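So the chains spell out like this:
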Amino acid sequence: MVSKPITVKARSDASALARLKPSGRAQTMMVLGWLVGLAIVVAIPLLDLPPIWSAAALLTVIYVPAAVGQNLIIGNAGLLAMGQAAFVGVGAYTSAVLAVRYNLDAAVTIPAAMLLSGLIGALVGFPALRISGDYLFIVSLGFNLIVIDVILQWGDVTGGATGLTGVPTMHLFGVDLGVGAPFYLVVVSLVLLSLVITQAIASSRFGLTMEAIRDDEVAARSIGIATAAPKIYFFAIGSALAGLSGALLGYYLGYVGSRSFDVTASLLIFQMAVIGGLGRISGSIVGACIIILLPELLRPLQDYRLLLAGLLIVVLMATRPQGILGKTKITNLIKK
């Protein structure tokens, strides 16, 4: 049997993707880092910490999927988009409405929130096929404003400016998790599961192809890589992760209001992704800790905590423009 010769196109495709794969040592260090971080997070409810610290830790965990989703869109897909809080809001209101008005279990409300956020994210991602850079940034920001206006005008469903009150505690498969350790551990489990799936996608051939498109779309097209569909998929996945954060946030607060999903909230999520490091899921986790957890840890320095946190952000951006653990600089995306 005569084997088929390997074409130049296939060799180029394979070599390009091979260069993007992390080394075995890097993968081992990444797994160890995840295990240590997971051990710390799980131990928090068991430690005798001030309530404000435990609450800040839980809020940080809740926002991690939104930050990871933002990082997928910017760092992995190379799409300079902001407005992630809009998808957090879609997820929060979807889950809250289903729980309040129809008394549905979290096993239904959370997947529904992720699905609707992902579908809307895919629709919003279509402009990314025609525009890029700062133009896409403005379009995605405009969508955030549209979502806020819909929330305020659709008062019969969303509660309008008052918001949606009376969101029950999470019931998972009929079990009331309350607001203590069981709820905390379930939230950590759901977030961890989302991170594992996201990491599998990002490190797969599909994810590596997306990074090749990010780095040089023209070169990717020249070796036969389709560039349109991956952008839509990553936008949808990133938005679905934001929907997960929204659903968990609604259960945690017991209330859903439009002010939690405005442009300021989108800016905070954007900062989590950029400061932590673009192109790495672990970077988004670090970024969420800096933006949410660090100011609470500095609360004893009440008069200076925001100043110190802001100063740290400025120093990080000056010394590490790609973020703490990042692989690509945001300025590269702006130039596109």
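Please read all numbers here as calculations on a predicted model, not as lab measurements.

About the criteria used
Residues numbered from 1 in each chain as written. Predicted model: local features only at pLDDT ≥ 70, side-chain atom pairs only at ≥ 80, totals over all residues. Heavy atoms only, no water. Helix = DSSP H or I, 4+ residues; strand = E, 2+ residues; numbered from the N terminus. Buried < 20%, exposed > 50% of the residue type's maximum accessible area, 1.4 Å probe, protein only. Contact = heavy atoms within 4.5 Å. Areas by Shrake-Rupley, 256 points an atom, 1.4 Å probe, with all protein chains shown as cover. Salt bridge = Lys/Arg side-chain N within 4 Å of Asp/Glu carboxyl O. Polar contact = N/O pair within 3.5 Å; in protein donor to acceptor, adjacent residues only side chain to side chain. Core = buried A, V, L, I, M, F, W, Y, C linked by side-chain atoms within 4.5 Å. Axes fitted to C-alpha atoms, helices over the stretch in contact; angles between N-to-C directions. Parallel < 35°, antiparallel > 145°, perpendicular 65-115°, else oblique. Left-handed = near helix turned anticlockwise from the far one by under 90°. Nonpolar A, V, L, I, M, F, W, Y, C, P; charged D, E, K, R; others polar. Phe/Tyr/Trp six-rings, centres within 6.5 Å; stacked < 30°, edge-to-face > 60°. Expected span 1.5 Å × (residues − 1).

Some remarks on the overall build of the protein chain
Inference 1: When you go through the protein chain residue by residue, the secondary structure sums to 15 helices and four strands.
Inference 2: Of all 336 residues assigned to the protein chain, the portion counted as buried reaches 46%.
Inference 3: Here the analysis covers contacts within the protein chain between residues at least 6 apart in sequence; of these, 79% occur between residues at least 24 apart.
Inference 4: Carbon and sulfur atoms make up 69% of the accessible area of the protein chain, which totals about 16,400 Å².

Side note on the environment of Val 179
Inference 1: Relative to the helices and strands, Val 179 resides in the loop between strand E3 (175-176) and helix H8 (181-203).
Inference 2: Looking at Val 179, the relative accessible area reads 67%, which means it is exposed.
Inference 3: Residues Val 179 and Gly 254 lie 75 residues apart in sequence; the distance between their C-alpha atoms is 10.0 Å.

Section: unusual backbone geometry
Inference 1: One non-glycine residue with positive phi stands out, namely Asn 103, at about 55°.
Inference 2: In this fold, Asn 103 is placed in the loop between helix H4 (84-102) and helix H5 (106-125).
Inference 3: Even without being glycine, Phe 173 reaches a positive phi, approximately 55°.
Inference 4: Residue class for Phe 173 comes out exposed when judged on its relative accessible area of 68%.

Re the pattern of salt bridges
Inference 1: Scanning the model with the defined rule gives one salt bridge in all.
Inference 2: Here Glu 211 ties to Arg 214 by a salt bridge, and the two come within 3.8 Å at their closest N and O atoms. Linking Glu 211 with Arg 214, this pair stays in helix H9 (residues 205-215), spanning three residues, or about one helical turn.
Inference 3: Look at Arg 214 and you get buried, because its relative accessible area is 5%.

Some remarks on the side chain of Asn 71
Inference 1: Within the fold, Asn 71 resides in helix H3 (residues 51-76).
Inference 2: Of note is the side chain of Asn 71, whose polar atom sits 2.9 Å from the backbone oxygen of Arg 280.
Inference 3: For Asn 71, the residues in contact, after removing those within four places along its chain, are Asn 76, Ala 273, Gly 277, Leu 278, Gly 279, Arg 280 and Ser 284.

Quick look at the nonpolar core
Inference 1: Grouped together as the largest cluster of nonpolar side chains are 73 residues, with contacts concentrated most on Ile 110, Met 170, Val 187, Leu 248, Tyr 251, Val 256 and Phe 261.
Inference 2: Here the element with the most residues in this core is H3; it accounts for eleven residues.
Inference 3: Aside from chain neighbours lying at most four places away, what touches Phe 261 is Ala 85, Ala 86, Val 88, Gly 89, Ala 92, Tyr 93, Asn 144, Ile 148, Leu 249 and Val 256.
Inference 4: Among the nonpolar cores identified, the runner-up in size contains seven residues, and Phe 270, Ala 273, Val 274 and Leu 278 belong to it.

Focus: the packing of H9 against helix H11 (residues 228-253)
Inference 1: Across the interface, H9 lies against H11 with an axial gap of 10 Å and an inter-helix angle of 110°. It follows that H9 is roughly perpendicular to H11 by the angle criterion. Along this stretch, H9 crosses H11, giving a crossing that reads as left-handed. Taken together, the residues of H11 that come into contact with H9 (itself represented by Phe 206, Gly 207, Met 210 and Ile 213) are Pro 230, Lys 231, Tyr 233 and Phe 234.
Inference 2: When the residues that make up the contact of H9 with H11 are grouped by side-chain class, the tally is six nonpolar, one polar and one charged.

Digging into the packing of aromatic side chains
Inference 1: Enumeration over the complete set of coordinates arrives at five aromatic pairs.
Inference 2: On the basis of an interplanar angle of 65° and a centroid distance of 6.1 Å, the ring pair of Tyr 93 and Phe 261 is categorised as edge-to-face. Of this pair, Tyr 93 sits in helix H4 while Phe 261 sits in the loop between strand E4 (255-256) and helix H12 (263-276); the two residues are 168 residues apart in sequence, bridging distant segments of the chain. Accessibility classification places Tyr 93 together with Phe 261 in one group, the buried group.
Inference 3: Ring plane angle 80° and centroid distance 5.9 Å describe the contact between Phe 137 and Phe 270, whose orientation is recorded as edge-to-face. Of this pair, Phe 137 sits in helix H6 (residues 133-153) while Phe 270 sits in helix H12; the two residues are 133 residues apart in sequence, bridging distant segments of the chain.
Inference 4: You can call Phe 270 buried: its relative accessible area is 11%.

A closer look at H3
Inference 1: Look at H3: 36 Å from first C-alpha to last across 26 residues, which is about the 38 Å you get at 1.5 Å a residue.
Inference 2: The element H3 is largely enclosed, with a buried count of 20 among its 26 residues.
Inference 3: A positive phi of about 75° marks Gly 78, the residue just after H3.

Some thoughts on the packing of H3 against H12
Any two packed helices are characterised by the angle at which their axes cross and by the distance between the axes.
Inference 1: Axis separation between H3 and H12 bottoms out at 8 Å; the angle between their running directions is 65°. Compared by their axis directions, H3 and H12 come out roughly perpendicular. The way H3 lies across H12 gives a crossing that is right-handed. Taken together, the residues of H12 that come into contact with H3 (itself represented by Tyr 63, Ala 66, Ala 67, Gln 70, Asn 71 and Ile 74) are Ile 269, Phe 270, Met 272 and Ala 273.
Inference 2: Residue composition of the contact of H3 with H12, by class: eight nonpolar, two polar and no charged.

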